[in-house]
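Chain by chain, the residues run as shown.
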Number of protein chains: 4
Amino acid sequence: MLIYVFPLSLYAIVAYNTCVCDWGEVLTERRAKWRFGMVGGGEGAFIGQVHRLAAEMDGAACLVCGAFASDAERSRRSGRELYGLSDERCYPDYATMFAAEAARPTDERMQFVVIAAPNHVHVPVAEAALAAGFHVVCDKPLAMSLAQAEQLAGTLAKCDLEFAVTHNYTGYPMIREARALVASGALGAIRRVNCEYLQGWLASDASDNKQAAWRTDPERAGAAGCFGDIGSHAENLVSYVTGLDIVALCADLTTFVPGRELDDDGNVLLRFAGGARGVVSASQIAVGKENDLALQVYGERGGFEWKQSDANSLLVRWTDRAPEIRRTGGPGLSAAALDAARTPSGHPEGYLEAFANVYRGFYQALDGVADADFPDVEHGVRGMRFIERVVSSSAQGGVWVNFEE
Amino acid sequence: MLIYVFPLSLYAIVAYNTCVCDWGEVLTERRAKWRFGMVGGGEGAFIGQVHRLAAEMDGAACLVCGAFASDAERSRRSGRELYGLSDERCYPDYATMFAAEAARPTDERMQFVVIAAPNHVHVPVAEAALAAGFHVVCDKPLAMSLAQAEQLAGTLAKCDLEFAVTHNYTGYPMIREARALVASGALGAIRRVNCEYLQGWLASDASDNKQAAWRTDPERAGAAGCFGDIGSHAENLVSYVTGLDIVALCADLTTFVPGRELDDDGNVLLRFAGGARGVVSASQIAVGKENDLALQVYGERGGFEWKQSDANSLLVRWTDRAPEIRRTGGPGLSAAALDAARTPSGHPEGYLEAFANVYRGFYQALDGVADADFPDVEHGVRGMRFIERVVSSSAQGGVWVNFEE
Amino acid sequence: MLIYVFPLSLYAIVAYNTCVCDWGEVLTERRAKWRFGMVGGGEGAFIGQVHRLAAEMDGAACLVCGAFASDAERSRRSGRELYGLSDERCYPDYATMFAAEAARPTDERMQFVVIAAPNHVHVPVAEAALAAGFHVVCDKPLAMSLAQAEQLAGTLAKCDLEFAVTHNYTGYPMIREARALVASGALGAIRRVNCEYLQGWLASDASDNKQAAWRTDPERAGAAGCFGDIGSHAENLVSYVTGLDIVALCADLTTFVPGRELDDDGNVLLRFAGGARGVVSASQIAVGKENDLALQVYGERGGFEWKQSDANSLLVRWTDRAPEIRRTGGPGLSAAALDAARTPSGHPEGYLEAFANVYRGFYQALDGVADADFPDVEHGVRGMRFIERVVSSSAQGGVWVNFEE
Amino acid sequence: MLIYVFPLSLYAIVAYNTCVCDWGEVLTERRAKWRFGMVGGGEGAFIGQVHRLAAEMDGAACLVCGAFASDAERSRRSGRELYGLSDERCYPDYATMFAAEAARPTDERMQFVVIAAPNHVHVPVAEAALAAGFHVVCDKPLAMSLAQAEQLAGTLAKCDLEFAVTHNYTGYPMIREARALVASGALGAIRRVNCEYLQGWLASDASDNKQAAWRTDPERAGAAGCFGDIGSHAENLVSYVTGLDIVALCADLTTFVPGRELDDDGNVLLRFAGGARGVVSASQIAVGKENDLALQVYGERGGFEWKQSDANSLLVRWTDRAPEIRRTGGPGLSAAALDAARTPSGHPEGYLEAFANVYRGFYQALDGVADADFPDVEHGVRGMRFIERVVSSSAQGGVWVNFEE
């Protein structure tokens, strides 16, 4: 009963790239400021293509190598068919890749690695990459546990390397606008936050689907299922936009599908420093919901509403005047929102462009821009803390737990 | 800073009725199956006009008397100017009204009373009405405490009289459809419920507004502010539509406006019999939100979404086919939804028509229809239990409390 | 295949009033400033109940008599069952009604008549009513021809009586706001108008449906089908909101359903005095559309969009700032819009309330208010001119015709 | 007063590429099946970046050269800064480029050219490209006149080369779905089509804006302004989705902004072979509208609605059941719609992805796929015929003109 979400779409990507319009055999030279490799993202993985496309969208970077699968032959085949790479730079494993790439001339070797593999792989690969001197872009959640994430952050602190965690929803222009709006003080102190992230694709047993299989397996996903995969995105969006610190939370997680080992649904009450309150709902069993991330924030003098299904609008409400619809590329936006758009208003920008904005910020950091806007390792550690607190609260029956120790 | 909500609208009503088109002096005879009186609903009260209009909408009933205010002169003036009644049937207080009306000939006297006064008045008036042999339509929340509500229910059980509590949101055609959809089993067992009821009209101090003043005063409103006024509507909507029993809840209430004595915001986690989970958010400080009640329900095989701001649509989602938009008066509806509409599809029905549907059901009950659909005293008692449990949970720091003893 | 539009809804009304909660036998006295009779609106007619409900909504008027059907017995039965009237005041025909009512004491007789019958009946009844000294509320289109309408207007000019034509869509609060916005000059000179009125209920042969039968019969509907029924509403809305005069038009009407004698679809280009341009689309064969009236207006400095399916919002756009959503009862509205609302913002108002606002304006006129806002005989004549010009243009193959002679 | 549309967004692109994250100096080799050059798209041009991004999105192609501006130095600078090209392959003009590229080894030279320059340049460049043996992707409208377009089509017919015209709105997944839905016959014969393409960015004089300047100049834009730029897109969308042939049209164009030489607004009535009727509205002066393309189609048994501002939804209506919302990547879609999506449902796809789908189809054609779906020269010629007929009809006062001779 798995269904309609990944397989169909995945099919579209794979079918196209492998059958219809292959990458050709001819090598073309082009300038690219940044060269990167990928770990994971091989056949059957949806997110690998998203990373390649987003990272390369503005022309600033180029995928040059990868360890796409745990099997050497599959890695080569994926590299060739999905990414147009020569066999030589498709490695059987990440250790080999890091060693081989480090040995290449500086103007040829990869400069950063994208970790697009299941969760249990994130930290080992990241540690190895840092050790080999490569910058890192890592999928979320950052690690299998908070302790592991903190250890990684410790490692990173000793390196002069950049590290991004792809909390990609921070890349939407109207999310940038929302953040700027809160920061401007126009809304007054924030009081209430509602965040929903509802999906329905795991409403029944889906263990025969590759994407579903690892996400519902504690060995590969970690201590949380739904909250590891998407609840952590919700936390990140709330934290990014409001700048508020969670002080305590109370979680009620559930596993609805029989036989599943991890949560597939839950609600979490939040208390923030300064007195604001919030609630996060996340679900993988909300039948028919697609990838429906929505955020509401209310302050003393104004509030707003955003939802991914209408990502280019930010509905802003005030105490004393009619609500307004701020739009990607439209009038009255903050510099942060304007910088995040690629086309004039009315030319809808979507998920891939938002994802590419995470890379934009990362490249700015690589260029030495001090306040480049991208989700970094702190986001990743906070996300792991959120997951761990949520699981702990729920396991104790839904009690309030402090966010920090 | 009160603002834009009640005063403006109220002005529109009052201005019209008192200044522009008075009720005239000529008495007109018309048939009306049911005659009713009102307690409360005098000058400055918004809900009194709503009751009159809704109760009389279909022509089945007629307001014939009232004790509209605690002051005899204001009662008379309200009756004359707002409701077109003769002085003779505008009483100085409800006790006088019940006695005087009971003494009238049966084909002339009021048959039921509408209690449209602040919460602390509900039970005393209701008890007196029942004692005098009148049916009752009472505003929510039913009482000042659960104990008081249960005592009233006990009184009622000994009478052969009907009792409605105006949880009016049950009257929307698409809410009737939602209830029928759940009851049909098409969605499978229900798993997740999200209900939001967000308003912004009390985002700052509003004690100079009559509507706001009593709602934020524990002496007149009871133990809860926001959750007494609108949180209880949310509970009612959830219970009515899903038919699920709440087993336990965990509430986090807040008072954001300085000096206010009652909660003006809160979130509540819910556990239902059978395993479903839910969350209710209610607020009076969500700046710019109007009267935004929204409900999402997800079952094993389908789910739906409804919001009052688009009240004539019910968005129904399924595992295996495209979402559908069921519409008031449109194709494919249940009998319950069809019966609740007054106009063909595409002629928007609103709040007043939904409110009138509560009266429709009540009149059916008066006519002896066994399964007439209207919120009765059980709804009212359950609502009080909800309020009491929410307040108790929150007062203990947000712990889980059982819904029943 | 007709189906889902009228029958179901109609059923709901009739079923309720006749079977479930009859009007009772007891006469109740109430004050009502205005007493009215009805012609038409008998069994099977949807619009009669709408008129009664809208006219009585605010309590200012009361239906006291009617000639509801061409058959005496059906008239009595309709009066009794649908409207709660005594047999004595249910007349076999309008002539009898006018004579009998005129003979009653002034404080008892009807003061105005509502003409809720097919189009061919409008003018004869209206002429008779005026001759008998009764004010008139008449359904649209006003007449069977422009000449007939002009003659009626001539008759009226010689009487001291009020005359309303129920172009009811002018009653929506946000339409009032739109009109005030244009009149304020804030948008600058108007340049472009788009108006759509799309229905689907006549997409196939519907001659077995009473509502459809007369609307598609030239003997009863007049020279136009779709444009007589709803195209004329579109013209009225455009004229009312913009205040612009049509100078010329070019129409392309079609009859899509085989065997139908009148147009069921069409598009009309408009040129207005002052240079604005517009287009009106109206259809009864736009499958699945309900009663979807929508209006867009663009001026030099701003514009707006309104649609009946979201009737309480007016989306206003500007050259230099974000679009705003003005809302019924919300902040920033004109007095005209505020006066047209009955409830606070967020309590959706719909079709019936808008219809009742036409009656509000009419009652103000009866009270002598000079600038009472309601569609009068001039609206009706202009509507007939529109119909006649549209039919003429289309009959000539779609040529430009002048609006005035 | 120009404004908010292009400058801001453009700024975002330019600022990023030139200031923040330059293309670097290092040459990277990658496989790319197709290599292309560009004519136009230099500094200040928005569409050049769109072409590069869309053409390269899936990794199948790579920009290798260009004649980006009419000035050699600006061409070099644009190539270097906007596109990361070496000076050597940034040519001073297209003739030089075609000659130089043709002289390169086959595995190195460009294979097709993208013409992203103002309209008057399209045909000369296209003719030269074809003469030099290069495939062509050309912006719309195809030419300065129908005759010129037909001559180009004649040239092409003699070559064994592919030719695309970037009517990019055909690339949206839900437009593909709409087309498949019509073609399936499920809607029955089509009866009514409404298409709106409303923008507001030229509501006042904008001649100081580069994008605006050439679009309002007959020497560079051709005989139509608004209808050349966006009216032709509307025609293309209607024709692509419905497959209907226009038989005759009647147009009313206007120039609202003083001093402007070309139309900036208009409405066109359409008659199609088989009896369907339609209307197209296009405007550049609809204040506050962004890039609002919307399409409604109604057949005998069903209809649908699509709008670019909610591009991933297709609202489908039926005579006998509730409307459904088909969604990009969602259940129940045609193969054509599935193939056009890159991500799972709920990951919004936008303008750039749709544009990239035009390139996908073009690449399939280059690969010899017989029925590759992309707008070809016939679309371009038909678009020119539409423009010419619209201008001719309007110039004659708005008369009906035959579409074919």
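Residues numbered from 1 in each chain as written. Chains lettered and ligands numbered in written order. Predicted model: local features only at pLDDT ≥ 70, side-chain atom pairs only at ≥ 80, totals over all residues. Heavy atoms only, no water.

Colleague: Let's hear about the overall build of chain A: which residues, and what values?
Modeller: A tally of regular secondary structure across chain A gives 13 helices and 15 strands. In summary, chain A has a C-alpha radius of gyration of 21 Å against a globular reference of 22 Å for 405 residues, a match within 12%. Its C-alpha atoms give chain A principal-axis dimensions of about 60 × 50 × 45 Å. The burial tally for chain A puts 69% of its 405 residues in the buried class. Counting contacts in chain A only where the partners sit at least 6 residues apart, residues at least 24 apart contribute 69% of the total. Accessible surface for chain A amounts to roughly 11,900 Å². Of this, 50% is attributable to carbon and sulfur atoms. Between the centroid of the 36 positive side chains of chain A and the centroid of its 52 negative side chains there is a distance of 4 Å. (Helix = DSSP H or I, 4+ residues; strand = E, 2+ residues; numbered from the N terminus. Rg over C-alpha atoms; globule rule 2.2 N^0.38 Å. Buried < 20%, exposed > 50% of the residue type's maximum accessible area, 1.4 Å probe, protein only. Contact = heavy atoms within 4.5 Å. Areas by Shrake-Rupley, 256 points an atom, 1.4 Å probe, with all protein chains shown as cover. Lys, Arg positive; Asp, Glu negative; His and termini not counted. Charge placed at Lys NZ, Arg CZ, Asp CG, Glu CD.)

Colleague: Hey, could you go over the relation of the copies chain A and chain D for me, with residue numbers and the actual values?
Modeller: Superposing chain A onto chain D requires a rotation of 180 degrees together with a translation of 0.0 Å along the rotation axis, leaving an RMSD of 0.0 Å. Both chain copies can therefore be described as sitting about a two-fold axis. Taking the C-alpha atom as reference, chain A places Glu29 of chain A closest to the rotation axis, 2.1 Å from it. Take the interface residues of chain A: 100% of them recur as interface residues in chain D, which is what a same-surface contact looks like. (Least-squares fit on C-alpha atoms with pLDDT ≥ 70 in both.)

Colleague: Please provide a residue-by-residue account of the sheet that holds strand E6 (residues 163-165) of chain C, values included.
Modeller: Residue and element names in this part refer to chain C. Here 5 strands make up an open sheet; going across it, the order is E3-E2-E4-E5-E6 and the pairing parallel. With partners counted over all chains shown, the strands left at the sheet margins are strand E3 (61-67) and E6, one partner each. Strand-to-strand twist across the sheet, computed as the mean angle between neighbouring axes with direction ignored, equals 20 degrees. Relative to strand E4 (residues 112-116), strand E2 (residues 34-40) is paired through 5 bridges, and the arrangement is parallel. Each bridged residue has a counterpart across the sheet, and for Phe36 the counterpart in E4 is Phe112. (Pairing = 2+ DSSP bridges. Axes fitted to C-alpha atoms, helices over the stretch in contact; angles between N-to-C directions.)

Colleague: I'd like a description of the relation of the copies chain B and chain C, backed by residues and values.
Modeller: The transformation that overlays chain B on chain C combines an axial shift of 0.0 Å with a rotation of 180 degrees, and the residual RMSD is 0.0 Å. Most of the interface of chain B is mirrored in chain C, where 100% of its interface residues are also at the interface.

Colleague: Tell me about the pattern of salt bridges, and please be specific about residues and values.
Modeller: One pass over the full model with this rule turns up 117 salt bridges over all chains. Across the pair Asp58 of chain B and Arg360 of chain B runs a salt bridge whose closest N-O atoms are separated by 2.9 Å. One end of the pair, Asp58 of chain B, is in the loop between helix H2 (46-56) and strand E3 (61-67); the other, Arg360 of chain B, is in helix H12 (residues 351-366), and 302 residues separate them in sequence. Residues Asp58 of chain B and Arg360 of chain B agree in their burial class; the two are buried. A salt bridge links Glu290 of chain B to Arg327 of chain C, with the shortest nitrogen-to-oxygen separation between them at 2.7 Å. Taken together, the positions of Glu290 of chain B in the loop between strand E10 (277-283) and strand E11 (292-299) and Arg327 of chain C in strand E14 (residues 324-327) put the pair across two chains. Each of the two residues, Glu290 of chain B as well as Arg327 of chain C, counts as buried. (Salt bridge = Lys/Arg side-chain N within 4 Å of Asp/Glu carboxyl O.)

Colleague: For the interface of chain A and chain D, give the residues involved together with the corresponding values.
Modeller: Listed per partner, the contact involves 71 residues of chain A and 71 residues of chain D. Roughly 6,600 Å² is buried in total at the junction of chain A and chain D, and carbon and sulfur atoms are behind 56% of that figure. Three residues stand out in chain A for area buried against chain D, namely Thr28, Arg30 and Arg31 of chain A, and they jointly supply 14% of the buried area on that side. The interface formed by chain A and chain D holds 2 salt bridges in total. For the pair chain A and chain D, the interface holds 18 residue pairs in polar contact (both at pLDDT 80 or more). Listing elements by their share of the side of chain A that touches chain D, those giving two or more residues are helix H1 (6-20), strand E1 (27-31), strand E2 (34-40), helix H2 (47-56), strand E3 (61-67), helix H3 (72-83), helix H11 (335-339) and helix H12 (351-366) of chain A. At 9 residues, H1 of chain A tops the list of elements feeding residues into the side of chain A that touches chain D. Its residues assigned to classes, the side of chain A that touches chain D shows 34 nonpolar, 17 polar and 20 charged. Bridging between E1 of chain A and strand E1 (residues 27-31) of chain D involves 5 bridges; their strand directions are antiparallel. (Buried area = accessible area lost by both parts, 1.4 Å probe. Polar contact = N/O pair within 3.5 Å; in protein donor to acceptor, adjacent residues only side chain to side chain. Nonpolar A, V, L, I, M, F, W, Y, C, P; charged D, E, K, R; others polar.)

Colleague: Give a detailed account of the packing of aromatic side chains, specifying residues and quantitative values.
Modeller: The tally for this structure, following the rule as stated, stands at 68 aromatic pairs over all chains. An angle of 40 degrees between the planes, with centres 6.3 Å apart, marks the rings of Phe227 of chain C and Phe386 of chain C as tilted. Taken together, the residues Phe227 of chain C in helix H10 (residues 226-242) and Phe386 of chain C in helix H13 (residues 377-395) connect sequence positions 159 residues apart. In terms of burial, Phe227 of chain C and Phe386 of chain C fall into one category: buried. Three or more aromatic residues link up through ring pairs in this structure, and these residues are Phe36, Phe112, Tyr169, Tyr172, Tyr197, Trp306, Tyr351, Phe355, Tyr359, Phe362, Tyr363 and Phe374 of chain A. Note that Arg271 of chain C overlies the ring of Trp400 of chain C, its terminal NZ or CZ placed 3.5 Å from the centroid. In this structure, Arg179 of chain D packs its charged tip against the face of Tyr240 of chain D, placed 4.3 Å from the ring centre. (Phe/Tyr/Trp six-rings, centres within 6.5 Å; stacked < 30°, edge-to-face > 60°. Lys NZ or Arg CZ within 6 Å of the ring centre and 35° of its normal.)

Colleague: Outline H2 of chain A, supporting the account with residue identities and numerical values.
Modeller: Most of H2 of chain A sits out of view: 10 of its 10 residues are buried. Ile47, Gly48, Gln49, Val50, His51, Arg52, Leu53, Ala54, Ala55 and Glu56 of chain A are the residues of H2 of chain A that are buried.

Colleague: How would you sum up the interface of chain B and chain C? Please name residues and give values.
Modeller: On the chain C side, the residues contacting the 71 residues of chain B number 71 residues. Each partner contributes to the roughly 6,700 Å² buried at the junction of chain B and chain C, and carbon and sulfur atoms together form 56% of this total. Between chain B and chain C we count 2 salt bridges in total. Summed over the shared surface of chain B and chain C, the number is 18 residue pairs in polar contact (both at pLDDT 80 or more).

Colleague: An account of the sheet that holds strand E2 (residues 34-40) of chain D is requested, with residue identities and associated values reported.
Modeller: All names here are of chain D. Strand order across the open sheet formed by 5 strands is E3-E2-E4-E5-E6, with parallel pairing between neighbours. One side of each edge strand has no neighbouring strand; the edge strands of this open sheet are strand E3 (61-67) and strand E6 (163-165). For this sheet the average axis-to-axis angle between neighbouring strands, irrespective of direction, equals 20 degrees. Inspection of the sheet shows strand E5 (residues 135-138) paired to E6 by 3 bridges, in the parallel sense. Pairing of Val137 across the sheet is with Ala164, part of E6. Each of E2, E3, strand E4 (112-116) and E5 touches helix H2 (residues 47-56); the most contacted strand, E2, lies at about 170 degrees to it.

Colleague: Talk me through the environment of Pro258 of chain C; I want residue IDs and the actual numbers.
Modeller: All names here are of chain C. Tracing the chain through its elements places Pro258 in the loop between strand E8 (246-254) and strand E9 (265-272). Judged by relative accessible area, Pro258 falls into the exposed class, the value being 71%. For the pair formed by Pro258 and Gly278, sequence separation is 20 residues and the distance between their alpha carbons is 30 Å.

Colleague: Outline the packing of helix H7 (residues 173-184) of chain C against H10 of chain C, supporting the account with residue identities and numerical values.
Modeller: Residue and element names in this part refer to chain C. Contact geometry of H7 with H10 gives a least axis separation of 7 Å together with a crossing angle of 45 degrees. For the element pair H7 / H10, the angle class is oblique. Seen from H7, the contacting residues are Ile175, Arg176, Ala178, Arg179 and Val182; seen from H10, they are Leu237, Tyr240, Val241 and Thr242. Looking at the contact of H7 with H10, its residues break down into 6 nonpolar, 1 polar and 2 charged. (Parallel < 35°, antiparallel > 145°, perpendicular 65-115°, else oblique.)

Colleague: I'd love a proper account of unusual backbone geometry, names of residues and values included.
Modeller: A cis amide bond links Lys140 of chain A with the next residue in sequence, Pro141 of chain A, at an omega value of -10 degrees. Relative to the helices and strands, Pro141 of chain A is located in the loop between strand E5 (135-138) and helix H6 (146-157).

Colleague: Run through the confidence of the model for chain A, naming residues and quoting values.
Modeller: Summing up the model confidence of chain A, the mean pLDDT is 92 and the portion of residues at 70 or higher is 95%. Throughout residues 1-21 of chain A the model reports pLDDT below 50, and contacts reaching past four residues in sequence, or to other chains, amount to 61 contacts. (pLDDT = per-residue confidence, 0-100.)

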